[in-house]
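Each chain, letter by letter, is given below.
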Amino acid sequence: MPHGAYNSMVDAAAFESIAQCPQELPQMMAAAADGLGSITLDTTQLNMSVTDPTAWATAMNNLGMVPVGLPGQQLVSDSICVPGFDPGLNMMTGITPINPMIPGLGLVPPPPPTEVAVVKEIIHCKSCTLFPQNPNLPPPSTRERPPGCKTVFVGGLPENATEEIIQEVFEQCGDITAIRKSKKNFCHIRFAEEFMVDKAIYLSGYRMRLGSSTDKKDSGRLHVDFAQARDDFYEWECKQRMRAREERHRRKLEEDRLRPPSPPAIMHYSEHEAALLAEKLKDDGKFSEAITVLLSWIERGEVNRRSANQFYSMVQSANSHVRRLMNEKATHEQEMEEAKENFKNALTGILTQFEQIVAVFNASTRQKAWDHFSKAQRKNIDIWRKHSEELRNAQSEQLMGIRREEEMEMSDDENCDSPTKKMRVDESALAAQAYALKEENDSLRWQLDAYRNEVELLKQEKEQLFRTEENLTKDQQLQFLQQTMQGMQQQLLAIQEELNNKKSELEQAKEEQSHTQALLKVLQEQLKGTKDLVETNGHSHEDANEINVLTVAVVNQDRENNTEKRSPGLKSEKEALLIGIISTFLHVHPFGANIEYLWSYMQQLDSKISANEIEMLLMRLPRMFKQEFTGVGATLEKRWKLCAFEGIKTT
């Protein structure tokens, strides 16, 4: 059969009229329900498999391109209509992808999504009729779609089907460029675009019947599948190369756009260029560019004796722009002050409106109007009032901050202003102060209202937080009480020890008192007995004196015994040695010495001894050492003296 492209016009109106009334042909459906035998398929294969990654990579490397696809992956992502078609590349190249769902591209409806059950209808043509398969049967299977596929394999054609009939049926899917029909009831159809293949696949499974004949040669079950074609693969490769070139061009443009700009070229110094530069320096619009060139020339070392005057004139021109820049700065500062004043006035107006809104809320919360609102309305009014008060306070604080800044700026300006400017400020000072005091009074009144409202809110919140605060204060109080209890226990133990010591001393004093009373009684009795003996026996006065001396000696001996009982004995040989050294030291110091002086002397003999230890040892021996106070007022000083010899003299 000759190869070629067959184009024909289809009566779309007739197809639509028949498709709208499919219920009128029940006999045709029953006749076409007869089963057909299996149809053997024979498709042509390419010499090189398009899914071979090695061959594809070699081909792309020979073309000088990075392979677009990777092994085991599709070269381009699936789209709605054409699997393997990358819509992102079209978006980058500015090409709008063709959507087969657009109405008017063909009579065959696009394939519905796989999740929705397919409901196919009868399709009527001039020479034949297509009946859908049983919807309970599984959908017909298809092979993997080759890249850039525009050719389909159509099997199961009726034996009497001609190219004209095939073109009439499949021309509904799109423009057909070629039809190759075989004698074994199958053919290959090549379309103009890839999305048309999806519409042709939609016809797979339909029963085709020519006219109204019921002959087997005039009926057959269509099987439409993807087919591999060299022309399709070649066109797909060309498109991939074009997209790769566009991508490289796009990346280059992006890199050029993101590359930082090069600094402007600076011309070399010459008298002509210097004259032009001097003119540019006088122009306000070209001054920034010209000053850069002048700076680069001076840094290069272009200044010499010949060009010094020319450079001096250019530097002088640059200096003349200082006054212009200061004027511009003053203008901008004035604009900024005006903008600040406008902002402050606007903020004052906003704050006034906030005050009015808060006043409305406060009036609504009074008893006269508050009782007439419902519970939900009261809740909303309360929320709105709190929110408006917070905003009002924020605006008030902002306005006060602006005023404080202005006052600080005014004080700074007054310090550095000239006397004439101070006189001007003094003239308008009273009016400004009056206005400032008025505004400050208003703001303070507003703040007072805000503080009152905040106090009410804090009272309400305090009731909620009172329990948590009570728990915290209780824990803190418990810790403080535990600490004080521990301190009191320690003090109690110390007091008990002192009490025990006092009790023991009291018992000793009682024993001594009883002993002295008994001794005194004995002595009185002896004295009476001696007097009687003297009277009776007539002894001399000397014998009575001897008796008195004996009694005094006995009393002194008893006292010494009592003092020996009171003062504890020495604990170690070291204490005896210390007593000897201290006694010697204090003997050569008849006016006494303070404890620090004594400790510094003793530390030279024993570095581990402490002043407290020496003082306790001295206090334990009151008959050997005594403490005296010397000096008056600030010169008052404690001194220890040796009193052992005085005790011997008295005895």
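All figures in this text were calculated on a predicted structure; none of them were measured in a lab.

Attention shifts here to the overall build of the protein chain. Along the backbone of the protein chain there are 20 helices and 10 strands. For the protein chain, contacts bridging at least 24 residues in sequence account for 68% of all contacts bridging at least 6.

Within the structure shown, the criterion is met by 7 aromatic pairs. Look at phenylalanine 585 and tyrosine 601: their rings are 4.8 Å apart centre to centre, the planes differ by 25°, and that puts the pair in the stacked class. Here phenylalanine 585 is found in helix H17 (residues 573–587), whereas its partner tyrosine 601 is found in helix H18 (residues 595–605), with 16 residues between them in sequence. For phenylalanine 585, a relative accessible area of 6% translates into the label buried. By way of ring pairs, the aromatic residues Tyr269, Trp297 and Phe311 are connected into one cluster. Looking at lysine 120, its charged tip hangs above the ring of tyrosine 202, at a distance of 5.1 Å from the centre. Taking the ring centre of phenylalanine 287 as reference, the NZ or CZ of arginine 324 above it sits at 5.8 Å.

In this structure, asparagine 185 is a non-glycine residue whose phi angle is positive, near 60°. Along the chain, asparagine 185 falls in the loop between strand S4 (176–181) and strand S5 (186–191).

Okay, the nonpolar core next. Note that soluble globular proteins tend to have their nonpolar side chains buried in a common cluster. Core analysis: the largest hydrophobic core is formed by 31 residues, its most contacted members being Val154, Phe170, Ile189, Phe191, Leu203 and Met208. Secondary structure elements with two or more residues in this core: strand S2 (128–131), strand S3 (151–155), helix H5 (163–170), S4, S5, helix H6 (195–202), strand S6 (207–210) and strand S8 (223–226). The element best represented in this core is H6, accounting for 6 residues. Ignoring anything within four residues of it in the chain, the contact list for valine 154 reads Phe170, Asn185, Phe186, Cys187, Ile189, Leu222, His223 and Val224. Leu598, Ile609, Leu617 and Phe625 belong to the second-largest nonpolar core, a separate cluster that totals 17 residues.

Now for the confidence of the model for the protein chain. Within the protein chain, residue pLDDT values average 75, and 71% of them lie at 70 or more. Across residues 1–51 the pLDDT falls below 50, and counting only partners more than four positions away or on other chains, this stretch makes 79 contacts in the model.

Judged by pairing direction, the sheet is antiparallel, and its 4 strands sit side by side in the order S1-S2-S6-S7 without closing on themselves. Two strands close off the open sheet at either side, each with one partner strand: strand S1 (123–124) and strand S7 (219–221). As judged from the 4 bridges shared by S2 and S6, these two strands associate in the antiparallel manner. Of the residues in S6, the one forming a bridge with phenylalanine 131 is arginine 207.

Parameters at a glance
Residues numbered from 1 in each chain as written. Predicted model: local features only at pLDDT ≥ 70, side-chain atom pairs only at ≥ 80, totals over all residues. Heavy atoms only, no water. Helix = DSSP H or I, 4+ residues; strand = E, 2+ residues; numbered from the N terminus. Contact = heavy atoms within 4.5 Å. Phe/Tyr/Trp six-rings, centres within 6.5 Å; stacked < 30°, edge-to-face > 60°. Buried < 20%, exposed > 50% of the residue type's maximum accessible area, 1.4 Å probe, protein only. Lys NZ or Arg CZ within 6 Å of the ring centre and 35° of its normal. Core = buried A, V, L, I, M, F, W, Y, C linked by side-chain atoms within 4.5 Å. pLDDT = per-residue confidence, 0-100. Pairing = 2+ DSSP bridges.

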